[in-house]
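An overview of the molecular structure
For reference, the chains in residue letters:
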Amino acid sequence: MNLLLAGPFVIPLLGAGITMLLRRTPRSQQVAGVVTLAAVIADAAWLLSLTADGSVLVSHAGNWPAPLGVTLVADPLSALLLTVSSVVLLLVLLYAIGQDIGGLSRATPQTFHPLYLVLTAGVCLSFLAGDLFNLFVAFEVMLTASYALITQAPTRARVRASMIYTVVGLTSSILFLTGIALVYALVGTVNMADIAVKLDHAPDDLRMVLALLFLVVFGIKAAIVPMHFWLPDSYPVAITRISAIFAALLTKVAVYAIIRTQTLLFGDDSAGVSTVMLWIAIATMVVGIMGALVQDDINRLMSFALVSHIGFMIFGLALNTVAGIAGVMVYLVHHIVVQATMFLVNGLVRQFVGHTSLRSIRGLTAVSPALAIYFFLPALSLAGIPPMSGFIAKVALFQAGVEVGGWLTWIAIGAGLLTSLLTLIAIFRVWARAYWGTPLPDMLAARAELKRGPDAAGLRMMTVTTGVMVAFGLLVALLAGPLVDFSFTAAHDLVDGGAYIDAVLPGGAS
């Protein structure tokens, strides 16, 4: 069990070292990266199968019992996100390899592969960390790699974006450490199960301060309004392989951390944080999509839409019910896949046109019908059109909201419906301006040159990988029934918290 739980973190670190040693042989480096992520997927899938019945798996490093030692924990939520994230990481890596084979990117493959695997290790450890300090370590591993990745193929805009990203990340990290110190001073432990038991005896006012502090810490990383300003200035300027994985995973890891801390540590909502989260969810949905509507660059539009749809997840969590949290889980899986797909599609647009500005793109459907399909299907899912996965996730959240009731919840539901409508309008605007009409002559010439040139093999690999990602999104919709059932199983454990505590602590909640 120790090896099984440590594998998703240790395997990528070993792979990073191997790919660094193989930096002079690019093909060997690429193979090593793919094999590493395939091993992570196998490990994650095994954990998912073992936790499908609601079981919680625990590993105590060095056989030191909690709360004394380092604890890794896998429950249905973490195992599900670990599996989905690992698959997306592999597909984005294959897309990046296609770019490198075709010479279609100015990134430095020799350093990209080790950094990418270090980022993978940080993401995986974030899902498995059983104490706050190791969660902090996981975030720092992930963010340190991302600081370097965002400046791949440096330009003035990317260096500026990396400075904003770094400053915001460090600010969040300082606040995170402050929160850990305050919790340790209060209860004398950083183990999350142990904190959950001991915080029950803390005054409500103090619990509210801590809950809000951790909401701010992870809210910065998740880009919730009003702490979202950094994301639209950072993600769109990064190269495609980086922006795709950042949009798909980094904000979702932060959402996972919000779910874990708010349900396990502050789950009874005696401090009244749910009301604050509902207001934040409303603001995030509306402000984000309003920003998307006025953008002339597809990547910036998608970045604002990303911010907006984080609000749906905060809304489900704020309901503080089994149905609400189950809806959040479904939405997380849907959004990870869709956001990665949309940014990969935009990367293909950049290969054909050289940019993603709506002012100078027209007739992409005629240039590449496959590209139009690749955009159209995940875009419908993002807007919540049936029978796509986005529709299923939103229906689950709205049903949970109706069950809770209350005037503020109804306002949040209305904001969600408005956001879905405005998302559809934003998507239609991209479709009408970029994909419809007669293509510009230079776009057809660029397409012909790409298909005849020496980089054609790389472009085909990128296109096929994007198609697989689109198919993955359709698979999520097809498996909606089992996914919803699984999410309800996980949500019951999250709301109750007893199974997690009993599995981690020798004496359980007693």
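In this report, the structure presented in the accompanying data block is examined. Quick caveat, the model's predicted, so the values are computed rather than measured. (Residues numbered from 1 in each chain as written. Predicted model: local features only at pLDDT ≥ 70, side-chain atom pairs only at ≥ 80, totals over all residues. Heavy atoms only, no water.)

Right, let's get into the environment of Leu474. Tracing the backbone shows Leu474 in helix 19 (residues 456-478). Judged by its relative accessible area of 32%, Leu474 is partly exposed. When neighbours within four sequence positions are excluded, Leu474 is seen to be in contact with Leu377 and Met388. (Helix = DSSP H or I, 4+ residues; strand = E, 2+ residues; numbered from the N terminus. Buried < 20%, exposed > 50% of the residue type's maximum accessible area, 1.4 Å probe, protein only. Contact = heavy atoms within 4.5 Å.)

Attention shifts here to the packing of aromatic side chains. Scanning the model with the defined rule gives 23 aromatic pairs in all. Aromatic side chains Phe112 and Tyr116 sit 5.1 Å apart centroid to centroid with 40° between the ring planes, which places their arrangement in the tilted category. You can see Phe112 and its partner Tyr116 sitting in helix 4 (residues 109-128), four residues apart, about one turn around the helix. For the residue pair Phe112 and Tyr116, the accessibility class agrees, reading buried in each case. With 5.8 Å between their ring centres and 15° between their planes, Tyr165 and Phe246 make a pair best called stacked. Placement of Tyr165 in helix 6 (residues 156-187) and of Phe246 in helix 10 (residues 240-265) is noted, with a sequence separation of 81 residues between them. By the burial criterion, Tyr165 is buried, and Phe246 matches it. Three or more aromatic residues joined by ring pairs make a cluster, and in this case those are Phe133, Phe136, Phe139, Phe176, Phe214, Phe218 and Phe266. Directly above the ring of Phe112 sits Arg241, whose terminal nitrogen or CZ lies 4.6 Å from the centroid. (Phe/Tyr/Trp six-rings, centres within 6.5 Å; stacked < 30°, edge-to-face > 60°. Lys NZ or Arg CZ within 6 Å of the ring centre and 35° of its normal.)

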